[in-house]
Each structure stands twice: as C-alpha cells, then as structure tokens.
Amino acid sequence: MAHEFSSVKNCFYGTLIAFMIKYQEGAKMSRSEKLLLKVLCGTKDKRILFDELCKILSEFGFNERIKGNHHIFYKEGIEEIINIQSNGAKAKPYQVKQVRNIIISFKLGGLDDV
C-alpha cells in the first residue's frame, strides 16, 4: 500500500513541476490548466466553486446525471462513481479531495505524460 501511495504522490508532484516549468517558460496557462492546478494543489479546496468542479469532470470525459441536488459523474473504465453536491456556490472540500484522488489515481488530464 505504501508503494502505491508513493507512486501516486510522485505522479502528483511531477504534474505540478510540469505546470510550473511550462509557466516559467513563458507559456500561458489556459483556464482549464489553472483550474486543474487549483484542484491538484490541495490548498484551496474550500475555495473551489461547484461549477468549476463539474466543469473539470466534464472536461475529463465524465458523463453527468442529476438526481435532485446530487450530480453523479461516471466514466467508462473508471469504477468509482463521483457523487457531488454543492455547498452554496462552492464545492464541498472532501468532494474536491475525492476528485483530486481520482484524477491522480487514473492519470487524467495529461498526468500519464509525467
């Protein structure tokens, strides 16, 4: 289990470094890249907007189903189903963490390049 966490942690840091290098080389980061970095960073979970979290999941190819105030995201090849609800206009921090872990675990958003 520790080895699995270590590889996920290394992938996460590699992604952050790749974004930082791209930014330092003068390339402009797109809004999607900034949002991905914000989610991966883990220090702004309380400030992520619910619509932003939905947007990032949609951009990664997740299908959305809405039942009441529950937004359920699923994707072929990923066994986890993501069920999120808003906390006012913001996403719930523990749900941001859940999305971050799925992004890292399944190497979404270009993480396989790192």
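Residues numbered from 1 in each chain as written. Predicted model: local features only at pLDDT ≥ 70, side-chain atom pairs only at ≥ 80, totals over all residues. Heavy atoms only, no water.

Caption draft 1: Structural context of the overall build of the protein chain. A count of helices and strands for the protein chain gives four helices and five strands. Order of helices (α) and strands (β) in the protein chain, N terminus to C terminus: α-α-α-β-β-β-β-β-α. The buried share of the protein chain, reckoned over its 114 residues, is 33%. With an accessible surface of roughly 7,400 Å², the protein chain has 53% of that area assigned to carbon and sulfur atoms. (Helix = DSSP H or I, 4+ residues; strand = E, 2+ residues; numbered from the N terminus. Buried < 20%, exposed > 50% of the residue type's maximum accessible area, 1.4 Å probe, protein only. Areas by Shrake-Rupley, 256 points an atom, 1.4 Å probe, with all protein chains shown as cover.)

Caption draft 2: Representation of the environment of Phe-50 in the model. With respect to the secondary-structure elements, Phe-50 resides in helix H3 (residues 50-59). Separated by 46 residues in sequence, Phe-50 and Val-96 place their C-alpha atoms 9.1 Å apart. In contact with Phe-50, not counting residues within four places along its chain, are His-71, Ile-84, Gln-85, Ser-86, Ala-89, Lys-90 and Ala-91. (Contact = heavy atoms within 4.5 Å.)

Caption draft 3: The confidence of the model for the protein chain, seen in detail. Here the protein chain shows a mean pLDDT of 82. Residues at 70 or above account for 75%. Low pLDDT (under 50) marks residues 1-8, which in the prediction has one contact with non-local residues, meaning those over four places away or in another chain. (pLDDT = per-residue confidence, 0-100.)

Caption draft 4: Here's a closer look at the pattern of salt bridges. For the structure shown, the criterion picks out three salt bridges. With its nearest N and O atoms 2.9 Å apart, the salt bridge here joins Arg-100 to Asp-45. With Arg-100 in helix H4 (residues 93-105) and Asp-45 in the loop between helix H2 (31-41) and H3, this residue pair connects regions lying 55 residues apart in the sequence. Glu-59 is paired through a salt bridge with Lys-55; the nearest N and O atoms lie 4.0 Å apart. One end of the pair, Glu-59, and the other, Lys-55, are both in helix H3, four residues apart, so they sit about a helical turn from each other. Classification of Lys-55 as partly exposed rests on a relative accessible area of 40%. (Salt bridge = Lys/Arg side-chain N within 4 Å of Asp/Glu carboxyl O.)

Caption draft 5: Quick look at the nonpolar core. Core analysis: the biggest nonpolar cluster contains 23 residues, and Leu-53, Ile-56, Leu-57, Phe-62, Ile-82, Ile-84 and Ile-103 have the highest contact counts within it. Contributing elements (two or more residues each) for this core: H2, H3, strand S3 (78-84) and H4. (Core = buried A, V, L, I, M, F, W, Y, C linked by side-chain atoms within 4.5 Å.)

Caption draft 6: Representation of unusual backbone geometry. One non-glycine residue, Lys-107, adopts positive backbone phi at about 55°. For Lys-107, the position within the fold is in the segment after H4.

Caption draft 7: Representation of the packing of aromatic side chains. Within the structure shown, the criterion is met by zero aromatic pairs. Over the face of the ring belonging to Phe-62 we find Lys-75, whose NZ or CZ atom lies 5.8 Å from the ring centre. (Phe/Tyr/Trp six-rings, centres within 6.5 Å; stacked < 30°, edge-to-face > 60°. Lys NZ or Arg CZ within 6 Å of the ring centre and 35° of its normal.)

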